[in-house]
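The residues making up each chain are set out below.
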Amino acid sequence: MMRSGPRARLEALRKVWRGGREEDGCKEDGCKEDGCKEDGCKEDAGEKTTGKKAASKAKKEEIPIREWWNEPPLKNGQKWRSLRHNGVYFAEEWKPHGEPIIYDGEEIVLPPLAEQYATQFAQVKDNENYGANPVFRRNFFKDWRKQCLVPAKLGRIKDIKKIDWSRLIAWSEAEKERKKSRSKEEKDAEKAKKAAIKEKYGHVWIDGFREELGNFTIEPPGLFRGRGEHPKRGSLKPITWPEDITLNISRDAPVPPCPLEGHKWGAIVHNDSAMWIANWREKLCGQHKYVWASAGASISQRGDMAKFDKARELQYYIDKLRGDYMRKLKSKDATSRQLGLASWIVDVLALRVGMEKNAEEEAETYGTCSLLVEHVELLEGPKLKLEFLGKDSMPYTNTVDVPEEVAAAMGKCLKGKAATDSIFDSISPTTLNSYFKEFMPGLSAKVFRTYNASVTLERELAKSEGLNLSIEEARVFYTNANREVAILCNHMRTVNEESFSAQVDRMQERLKAARKALKERKNKTKDARATLKEAKAEGKPKALEKAKKALERAKALETKQVGRVKKIEADMELKTSTKEIALGTSKINYMDPRITYAWCKKVGMPVEKVFNPALIKKFPWADVAGEDWKFICPREVSGIKIKRVVKKKKSTAKKKSTAKKKSTAKKKSTAKKKATATKKKKSTATKKKSTKKKVTGKRKRGSATAKKAADGDDEDDFVASGDDDDAFTRRKDGDFVASDDDDDLPLRSPVKRSRRSRAVVNYAVDDNDDDE
DNA sequence: TACTCAGACTCAGAAACCTTATA
DNA sequence: ATATAAGGTTTCTGAGTCTGAGT
C-alpha cells in the first residue's frame with residue numbers, strides 16, 4: 001500500500017503546489033521523520049536544496065494554492081490523513097496593576113483574578129448592553145463576589161452600588177493611551193513577538209501541508225457577553241487549563257509539550273473523522289469550544305465547496321418540492337398543513353429552521369418551527385407580517401404579500417391559539433428536515449438559505465446584462481446585489497445614529513467641495529479652450545502647441561475630478577442604502593463564490609474589488625468558474641449527478657401515528673409555553689399583572705418577564721445577604737426605581753425597513769406527483 | 001422505534017486592529 | 001508632511017443547525 005496510483009499522482013502534484021516552501025516549517029516544528037515520510041516531506045527536502053529555496057524566498061508572500069479539488073477523495077468520513085501541530089497557546093497571565101476599588105470610602109486592592117475581572121467590568125460599566133444592564137450587573141456581582149471576594153476574605157463587599165470603579169477606569173484609560181503612544185520600536189517588537197507566537201502555535205500540518213489555524217489562543221477568563229437577553233450575561237467565564245483540553249493529532253505525531261509548567265493536557269486523541277485540532281468544554285454554559293483550521297485552509301474549503309454544490313443541486317428538486325408543499329398547505333391534516341406552511345417560510349422568506357431553546361439557559365430567539373402566534377399577523381391583501389427576534393437576537397420585521405393558500409393555512413394554524421402558543425405545534429425541525437429529505441438526499445432547512453441567497457445574487461447580477469459598466473460602477477452594482485441577499489437573510493448591524501449622521505454630514509461637505517472643484521475645473525477647461533482658439537487665430541505655432549497641451553491637461557484633470565465626484569456620490573448612496581445591513585456574512589457564508597468570479601470575469605472587474613484577501617484565500621476553488629458559469633443551469637451543463645427522487649414511502653397510517661405522537665409532545669410543550677407573557681412593550685403595570693397571572697410550572701421557553709419575576713431581575717442592583725453564598729436580597733433603599741422596564745427592551749431597536757427581498761418562487765405544481 | 005442529547009460544525013455581529021483617504 | 005477620520009479587515013467568541021449514538 002506504499003505507492004498506489006492516485007497516491008503517486010498526489011505526491012507529484014504536491015511537489016508542484018508546495019514549491020518547496022514547507023519543509024522549513026517541518027524542521028522548525030521538529031516533526032518526526034516518519035510522519036514526514038508519510039507526507040512526502042522527505043523527498044521534498046532533498047529537492048529543496050537545489051536553489052528553489054531562493055526563488056521561494058523571493059516570493060515569500062506567494063503562498064502556493066493546494067488544489068485539493070484535484071486530489072483523490074478521502075475515505076468516507078475521513079477528514080485528514082495526517083495531523084500535526086504544536087498545541088494551543090495560553091495568553092499571558094494577568095499582571096496585577098494594583099489599582100484599588102473604593103468600597104464605601106475604603107481603598108481595597110484586589111487579588112489578581114478578582115482584579116482582572118473587576119477591571120474588565122469597569123471597562124464596560126456604562127455600556128448599556130453590558131455593565132449598565134441590570135442582569136449583567138447582577139450576574140457579574142454574584143459570581144465575582146462568590147468566586148473571588150469571599151475566598152479572599154473580602155465578603156464585606158456586599159453592595160455593588162457602593163463600589164467606586166474610577167481608579168480601575170483611570171488605569172484602563174492610561175493603558176490605552178500608553179499603547180497608543182508607543183514608539184515605533186516598541187510596536188515593531190510587539191509585532192515580532194506576536195508573529196513568533198503565530199508562527200509556532202498558529203499553524204497545523206494537515207496531510208503534509210502547512211495550513212493556518214483560525215484561532216489558537218485559549219479564551220482568557222472574562223465576562224460572558226451573551227447577546228440579547230441572555231440570562232447568563234455578565235457571569236464569569238472561568239480560566240481554562242491544559243487539563244481541560246483535548247488535543248487531536250495523528251497517531252505518529254509527537255505530542256506537543258504543554259506550555260504551562262506543572263500542567264498537562266487533559267487528553268490526546270487520534271480522531272481522523274473530526275476536523276478539530278483541540279477542544280474543551282466551556283465551564284459556564286457547558287458548550288464545546290474548538291480550535292479549527294482557518295477558513296482559508298483546504299480542509300475548510302472542501303466543506304465549503306460541498307455546501308455550495310449541495311445548494312446548487314437543490315435546483316433539480318425544488319420544483320417538485322414547491323409543488324408538494326403548496327399542495328400540503330391545503331391539506332386537512334394539521335401536520336401536513338404545517339409542514340407545507342413551514343416549508344414555504346423556509347423557502348420563500350429564508351428563515352432558519354428554529355430549534356427549541358432552553359429559556360433558563362439561553363436568550364429567547366425564534367426561527368420557523370418555534371414561531372409563536374404573537375410573532376405573525378395576517379393582513380388584508382393578503383399580507384403576512386412577521387416580527388420577532390431571530391438568531392443573535394436580531395430583530396426580524398417583514399411584511400410580505402402571500403398567496404391565498406398561504407394566508408389560509410396560516411389562518412388555520414393561528415385559529416384558537418393564544419398569543420404565546422406555538423404556530424407549528426405538530427411539527428419540529430426534525431420532522432421538517434425529514435420531509436425535505438424525501439425529495440433530496442441531505443437536504444435540510446439551511447440549504448434553502450444558501451440556495452436562495454445564491455439564486456438572488458445571480459439574478460441581481462444578471463440585470464447588468466448589456467449595461468457596459470465601468471469598474472467603479474460594477475463595484476456598486478455588485479454591492480447592491482449583495483445587499484439584496486443580506487436583506488433576504490436578515491444580516492444586520494447596529495448603527496450609532498449620532499456618529500452615522502455626523503459621517504454623512506461630513507461626506508456631504510466633501511461632495512459639495514468636490515462639486516465646487518469640478519466647476520472650477522470646467523471653467524479652467526473652458527479657458528484653455530478659449531486660449532487655444534486665440535492661439536489658432538493668431539497662428540503662432542509655439543503658442544498653439546502650448547495651448548493644446550494646456551487643454552489636454554485641463555481635460556484630464558476635469559475627468560479625474562468627475563471621477564472623484566462620482567465616487568463620493570456612489571459611496572454616499574451605498575452608505576445610506578447599506579446603513580443597517582451587514583454585507584459580509586452573506587459573502588462569507590451564503591453566496592456561491594463562483595457566481596462572483598464568473599460575473600467579475602464577465603464585466604471585467606478584478607475580483608479583488610469585492611473580495612478581500614481573506615475571501616480570496618477562502619475561495620480559490622471558485623476561480624475555476626469561467627464567465628459563463630451559472631449557479632442555475634441546464635442539467636446537461638451542470639455536471640451534477642441527479643439522484644432519483646426518493647419516493648415517499650411512509651404509509652399514511654404510519655405518518656399519522658407519528659404526527660399524533662409529535663402533536664402530543666408539542667401540546668405538552670405548548671402548555672409549558674402558556675407561562676409565557678407577551679414580549680411586546682407594555683406599561684410596567686400591565687406587565688407585572690400579566691406576569692403574576694401567567695407564571696406557572698416548568699417551561700422551556702418562558703417569557704422574559706416571567707423569567708425575570710422568577711430571577712428577581714427587575715432589581716437594578718443587589719445586596720449580598722451573607723458572606724458565604726450567593727443569597728441575594730432585594731435592595732431596600734428604593735434606589736432601583738422601576739428599572740425593569742429597560743431590561744425588557746431588545747438590546748437593539750427593531751429596524752423598520754421599507755423593502756425586503758424574498759426569494760422568487762415558481763410554484764410549479766407537478767400533477768403527476770402523488771399526495772395523501 | 002422513537003426520542004434525547006452530545007458532539008461537531010457552520011454561521012453571526014461586535015470589537016479590536018490596521019490601512020487608506022482626507023484635511 | 002502630518003494628524004485624524006473613515007473604512008476595511010481580522011479577531012473573538014457566542015449562537016445557530018444538524019447528525020448520529022445511546023437509551
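Every residue gets a number counted from 1 within its own chain, in the order that chain's sequence is written. Think of it this way: whatever chain is written first is A, whatever ligand is written first is 1, and the rest follow in order. It should be noted that, the model being predicted, local features are given only for residues of pLDDT at least 70 and side-chain atom pairs only at 80 or more, the latter also being counted only at that level, while totals for whole chains, interfaces and linings use all residues. The side-chain figures draw on all heavy atoms in the structure; neither hydrogens nor water molecules are used.

Chain A carries the name DNA topoisomerase 1 in an unreviewed UniProt entry, which gives Thecamonas trahens ATCC 50062 as its organism. In UniProt, chain A has this text filed under Sequence similarities (unreviewed entry): "Belongs to the type IB topoisomerase family." UniProt positions are given in the numbering used here, feature names are shortened, and annotations may be inferred rather than shown by experiment. According to its UniProt record, chain A has this under Catalytic activity (unreviewed entry): "ATP-independent breakage of single-stranded DNA, followed by passage and rejoining."

Novice: Can you help me understand the overall build of chain A in this one?
Specialist: In DSSP terms, a helix is any run of H or I states spanning at least four residues, a strand is any run of E spanning at least two, and both are numbered starting from the N terminus. When its secondary structure is counted, chain A shows 26 helices and 19 strands. When the 772 residues of chain A are sorted by exposure, 47% land in the buried category. The contact definition used throughout considers only heavy atoms, calling two residues in contact when any of these lie within 4.5 Å. When contacts within chain A are restricted to residue pairs at least 6 apart in sequence, those whose partners lie at least 24 apart make up 73%. In short, Shrake-Rupley with a 1.4 Å probe defines the accessible areas, and a residue's cover is counted only from the protein chains shown. Entry remark: accessible area of chain A is about 39900 Å², with carbon and sulfur atoms responsible for 52%. Residue exposure (1.4 Å probe, protein chains only): buried if accessible area is under 20% of the type maximum, exposed if over 50%, otherwise partly exposed.

Novice: Would you mind going over the UniProt feature "active site" (unreviewed entry) in chain A with me for this structure?
Specialist: The UniProt record marks Tyr590 with the feature "active site" (unreviewed entry), using the residue numbering of this structure. Secondary-structure assignment places tyrosine 590 in the loop between helix H19 (584–589) and helix H20 (593–603). For tyrosine 590, a relative accessible area of 15% translates into the label buried. Setting aside anything within four residues of it in sequence, one finds tyrosine 590 in contact with Phe308, Arg449, Thr450, Ala453, Ser454, Cys489, His491 and Thr585.

Novice: When you look at the sheet that holds strand E11 (residues 245–248) in this model, what are you seeing that I'm missing?
Specialist: Within a sheet, neighbouring strands are paired by backbone hydrogen bonds and run either parallel or antiparallel to one another. One open sheet accounts for four strands, arranged E12-E11-E13-E14; its pairing is mixed. Each edge of the open sheet is held by one strand with a lone partner, namely strand E12 (267–269) and strand E14 (288–291). Within this sheet the neighbouring strands show an average axis-to-axis angle of 20 degrees, counted without direction. Pairing geometry for strand E13 (residues 278–281) and E14, over four bridges, is antiparallel. Residue pairing for E14: alanine 278 is matched across the bridge by valine 291. Paired strands are those between which DSSP finds at least two bridges. Axis definition: a line fit to C-alpha positions, over the contact stretch in the case of helices; interaxial angles, taken between N-to-C directions, run 0 to 180 degrees.

Novice: Can you help me understand the sheet that holds strand E1 (residues 83–85) in this one?
Specialist: Taken in spatial order, the three strands of this open sheet run E1-E6-E7, and their pairing is antiparallel. A single partner strand is all that each edge strand has here, and the edge strands are E1 and strand E7 (209–212). Neighbour to neighbour, the strand axes of the sheet diverge by 30 degrees on average, direction disregarded. The pairing of E1 with strand E6 (residues 203–206) spans three bridges and is classified as antiparallel. Directly across from leucine 83, in E6, lies its bridge partner isoleucine 206.

Novice: Looking at this structure, I do not really get the packing of helix H10 (residues 298–313) against helix H15 (residues 445–462). What am I missing?
Specialist: Geometrically, a packed helix pair is captured by the angle between its two axes and the distance between the axes. Packing of H10 against H15 brings their axes to within 8 Å, and their N-to-C directions diverge by 80 degrees. Here H15 runs roughly perpendicular to H10, going by the angle between their axes. From H10, Lys307, Phe308, Lys310 and Ala311 reach across to H15, where they touch Lys446, Val447, Thr450, Tyr451 and Ser454. Polar here means any residue outside two lists: the nonpolar Ala, Val, Leu, Ile, Met, Phe, Trp, Tyr, Cys and Pro, and the charged Asp, Glu, Lys and Arg; Gly therefore counts as polar. Looking at side-chain class alone, the contact of H10 with H15 contains four nonpolar, two polar and three charged residues. Each angle receives one of four descriptions, namely roughly parallel if under 35 degrees, roughly antiparallel if over 145, roughly perpendicular if within 65 to 115, and oblique otherwise.

Novice: Even after reading the chapter, I still don't get the protein's contact with DNA strand B, so can you show me in this structure?
Specialist: Any residue with a non-hydrogen atom lying within 4 Å of a molecule or strand is treated as near it. Of all residues adjacent to DNA strand B, which total 33 residues, the nearest are Arg281, Lys307, Arg352, Thr494 and Tyr590. A share of 84% is what sugar and phosphate atoms reach among the atoms of DNA strand B within 4 Å of the protein. Taking threonine 494, its side chain carries an N or O atom lying 2.4 Å from a phosphate oxygen of DNA strand B. Distance and chemistry together define a polar contact, namely a pair of N or O atoms within 3.5 Å, with one atom able to donate a hydrogen and the other to accept it when in protein, and with adjacent residues in sequence counting only for side-chain atoms on both sides. At 3.0 Å, a side-chain N or O of tyrosine 590 approaches a phosphate oxygen of DNA strand B. Secondary-structure elements contributing two or more residues to the surface near DNA strand B are E13, E14, H15 and H19.

Novice: Would you mind showing me how to read the packing of aromatic side chains here?
Specialist: For any pair of aromatic rings, geometry is given as the distance between the ring centres together with the angle between the planes. Classification of ring pairs uses Phe, Tyr and Trp, with its six-membered ring standing for Trp, and accepts pairs whose centres are within 6.5 Å; under 30 degrees between planes counts as stacked, over 60 as edge-to-face, and the remaining range as tilted. For the structure shown, the criterion picks out 26 aromatic pairs. Between the aromatic rings of phenylalanine 141 and tryptophan 144, the centroid separation amounts to 6.3 Å while the plane-to-plane angle is 45 degrees, which identifies the pairing as tilted. Of this pair, phenylalanine 141 and tryptophan 144 both sit in helix H7 (residues 134–149), three residues apart, which is roughly one turn of that helix. No difference in accessibility class separates phenylalanine 141 from tryptophan 144, as the two residues are buried. Consider the rings of tyrosine 290 and tryptophan 292, whose centres lie 4.7 Å apart with planes at 25 degrees: the pair is stacked. Of the aromatic side chains, those joined through ring pairs into one cluster are Phe121, Tyr130, Phe136, Phe140, Phe141, Trp144 and Trp165.

Novice: Just to check I follow, could you spell out the UniProt feature "coiled-coil region" (unreviewed entry) in chain A for this structure?
Specialist: Within this structure's numbering, the places UniProt gives as "coiled-coil region" (unreviewed entry) are residues 497–560. This span, residues 497–560, is 97% helix and 0% strand, and a straight line between its end C-alpha atoms measures 33 Å.

Novice: What exactly am I supposed to notice about the protein's contact with DNA strand C here?
Specialist: Lining the immediate surroundings of DNA strand C are 30 residues, of which Lys289, Met355, Lys357, Ser444 and Arg506 lie closest. Of everything in DNA strand C that lies within 4 Å of the protein, sugar and phosphate atoms constitute 95%. The contact in question runs from a phosphate oxygen of DNA strand C to an N or O atom on the side chain of lysine 357, over 2.5 Å. Between a phosphate oxygen of DNA strand C and a side-chain N or O atom of lysine 575, the distance comes to 3.1 Å. Elements that contribute at least two residues to the surface near DNA strand C include exactly helix H14 (429–437), H15 and helix H17 (497–538). Ranked by the residues each element gives to the surface near DNA strand C, the list is headed by H17, at three residues. Partitioned by chemical class, the residues of the surface near DNA strand C number seven nonpolar, 10 polar and 13 charged.

Novice: Would you mind showing me how to read the pattern of salt bridges here?
Specialist: Criterion for a salt bridge: a side-chain nitrogen of Lys or Arg within 4 Å of a carboxyl oxygen of Asp or Glu. Counted by the stated rule, this structure contains 35 salt bridges. Close ionic contact of glutamate 387 with lysine 385 constitutes a salt bridge, the shortest N to O distance being 3.9 Å. Glutamate 465 is the partner of lysine 602 in a salt bridge, and the nearest nitrogen-oxygen pair spans 4.0 Å. With lysine 602 in helix H20 and glutamate 465 in the loop between H15 and helix H16 (471–488), this residue pair connects regions lying 137 residues apart in the sequence. Residue class for lysine 602 comes out partly exposed when judged on its relative accessible area of 37%. Salt bridges here are not isolated pairs; linked through shared partners, they connect Arg66, Glu71, Asp207 and Glu211.

Novice: What am I meant to see in the nonpolar core here?
Specialist: Nonpolar side chains in soluble globular proteins tend to be buried together. What is meant by a nonpolar core is a set of buried Ala, Val, Leu, Ile, Met, Phe, Trp, Tyr and Cys residues, joined one to another through side-chain atoms within 4.5 Å. With 85 residues, the main nonpolar core has Trp344, Leu349, Leu386, Ile423, Leu432 and Phe436 as its most contacted residues. Start and end points for every domain follow an automatic or database-based domain assignment. Residue contributions to this core reach at least three from each of two domains, namely domain 3 (319–439) and domain 4 (472–638). Beyond its immediate chain neighbours, meaning those up to four positions away, isoleucine 423 contacts Gln338, Leu371, Leu372, Val373, Val376, Met410, Cys413, Leu414 and Lys417. In terms of nonpolar packing, the next biggest core, distinct from the first, is built from 25 residues, Ile101, Tyr103, Leu149 and Ile163 among them.

Novice: Even after reading the chapter, I still don't get the pairing of strand E16 (residues 383–389), so can you show me in this structure?
Specialist: When a strand is regular, its side chains alternate between the sheet's two faces. Pairing of strand E15 (residues 376–379) with E16, which is carried by four bridges, proceeds in the antiparallel orientation. Within E16, the position partnered with leucine 379 by the bridge is lysine 383. With antiparallel pairing between neighbouring strands as the criterion, E15 and E16 make up a hairpin whose turn holds three residues, including glycine 381 at a positive phi of roughly 140 degrees.

Novice: What is the right way to read the environment of alanine 625 from this model?
Specialist: Position of alanine 625 relative to the elements: it lies in the loop between helix H21 (613–618) and helix H22 (635–638). Relative accessible area serves as the criterion here: at 1%, alanine 625 is assigned to the buried category. Non-local contacts of alanine 625, meaning those with residues more than four positions away in its chain, are made with Arg594, Ala598 and Lys601.

Novice: I'm lost on helix H18 (residues 541–577) in this one. Help?
Specialist: Think of an α-helix as 3.6 residues a turn; residues three or four steps apart then line up on the same face. Along its 37 residues, H18 runs 54 Å from first to last C-alpha, staying within 8% of the 54 Å computed at 1.5 Å per residue. All of the buried residues along H18 are Ala547, Leu551, Ala554, Glu558, Gln561, Val565, Ile568, Ala570, Met572, Leu574 and Ser577. In this scheme, a helix's expected span is set at 1.5 Å multiplied by one less than its residue total.

Novice: Hey, could you run me through unusual backbone geometry in this one?
Specialist: Trans peptide bonds make up most of the peptide bonds, and negative phi angles are found at most residues other than glycine. With an omega of -10 degrees, the peptide bond running from glycine 381 to proline 382 counts as cis. Summarising the element assignment, proline 382 is placed in the loop between E15 and E16. In this structure, aspartate 104 takes a positive phi of about 55 degrees despite not being glycine. Residue position: aspartate 104 is located in the loop between strand E3 (101–103) and strand E4 (106–108).

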